[in-house]
Amino acid sequence: MMIRQQTLSKKTLFYFLASATLFLSACSETPEKFFDITILNTNMVNDFASPDLARHINDETKEYPDIPSSKKVGNEAATNLTNKVLYLEQSLEKVKKLSASGADEEEIKKCSIQLYELVIPVYKNEYLAYAKICDKKGSQEDKDALIQKIDQQYRSRFEQTCDSLMNKGKAYAAKHNIQVNWGK
């Protein structure tokens, strides 16, 4: 009876440890994975509130007479922007699902969420309106006015949020020996 009780205790201990290990590994990501999801995925919005993004959206509508495959249907800019929004929403959901294992990760997660929550509505509204103007071959004045409005309303807050996230990201990468090419 005593041997059976020891065996049962060892089995119980084994299952407990195995379950705890699985639970803890499922709840926390490696620093590299956390960094990739919260910081690197935000590269998709680096051109937010910039002339580069406006030019890129407008370029989706360009046709070239000597290239038949460049013929446009008339919704390319809006379709590409809608796809970008879907990707950004998925990225935001991934960030929200992350478990932060410390104050620095909690700050990074919060900042990353703030960045996505700032840009996604602007992509869905103002930039989508801009894309539709581009698709309809609207006037340059209308396009410029909308881009200027976006710049004035959102650029400063975007840059502050993005800079804060990148500064926290640089410190986090250094702390966890994550090799990153910051590009500048």
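Here goes a summary of the coordinates provided. (Residues numbered from 1 in each chain as written. Predicted model: local features only at pLDDT ≥ 70, side-chain atom pairs only at ≥ 80, totals over all residues. Heavy atoms only, no water.)

Re the overall build of the protein
Within the protein, the secondary structure is distributed over six helices and zero strands. When the helices and strands of the protein are read in sequence order from the N terminus, they spell out α-α-α-α-α-α. Buried positions account for 35% of the 184 residues belonging to the protein. By sequence separation, contacts in the protein at least 24 residues apart represent 76% of the contacts at least 6 residues apart. Entry remark: accessible area of the protein is about 11,900 Å², with carbon and sulfur atoms responsible for 55%. (Helix = DSSP H or I, 4+ residues; strand = E, 2+ residues; numbered from the N terminus. Buried < 20%, exposed > 50% of the residue type's maximum accessible area, 1.4 Å probe, protein only. Contact = heavy atoms within 4.5 Å. Areas by Shrake-Rupley, 256 points an atom, 1.4 Å probe, with all protein chains shown as cover.)

Quick look at the packing of helix α2 (residues 31-38) against helix α5 (residues 103-135)
Viewed as axis vectors pointing N to C, α2 and α5 meet at an angle of 20°, and their least axial separation amounts to 10 Å. Our classification of the angle between α2 and α5 gives roughly parallel. Every pair of crossing elements has a handedness; the one defined by α2 and α5 is left-handed. Of the residues in α5, those in contact with Phe34, Ile37 and Thr38 of α2 are Glu105, Ile108, Lys109, Ser112 and Tyr116. Of the residues belonging to the contact of α2 with α5, the class tally is four nonpolar, two polar and two charged. (Axes fitted to C-alpha atoms, helices over the stretch in contact; angles between N-to-C directions. Parallel < 35°, antiparallel > 145°, perpendicular 65-115°, else oblique. Left-handed = near helix turned anticlockwise from the far one by under 90°. Nonpolar A, V, L, I, M, F, W, Y, C, P; charged D, E, K, R; others polar.)

Re α5
Taking 1.5 Å per residue as the helical rise, α5 with its 33 residues ought to reach 48 Å, and the 45 Å between its terminal C-alpha atoms agrees with that figure. The sharpest bend along α5 reaches about 45° and sits at Tyr123. Two residues or fewer past α5, Lys137 is found with a positive phi of approximately 60°. (Expected span 1.5 Å × (residues − 1). Bend = angle between axes of the 7 residues up to and from the residue.)

Things to note about the side chain of Lys109
In this fold, Lys109 is placed in helix α5. A polar contact of 2.6 Å, which involves the side chain of Lys109, links it to the backbone oxygen of Leu98. Those residues in contact with Lys109 that sit more than four places away from it in its chain are Phe34, Thr38, Val95, Lys96 and Leu98. (Polar contact = N/O pair within 3.5 Å; in protein donor to acceptor, adjacent residues only side chain to side chain.)

So far we have only geometry, and geometry alone does not tell us how the molecule works.
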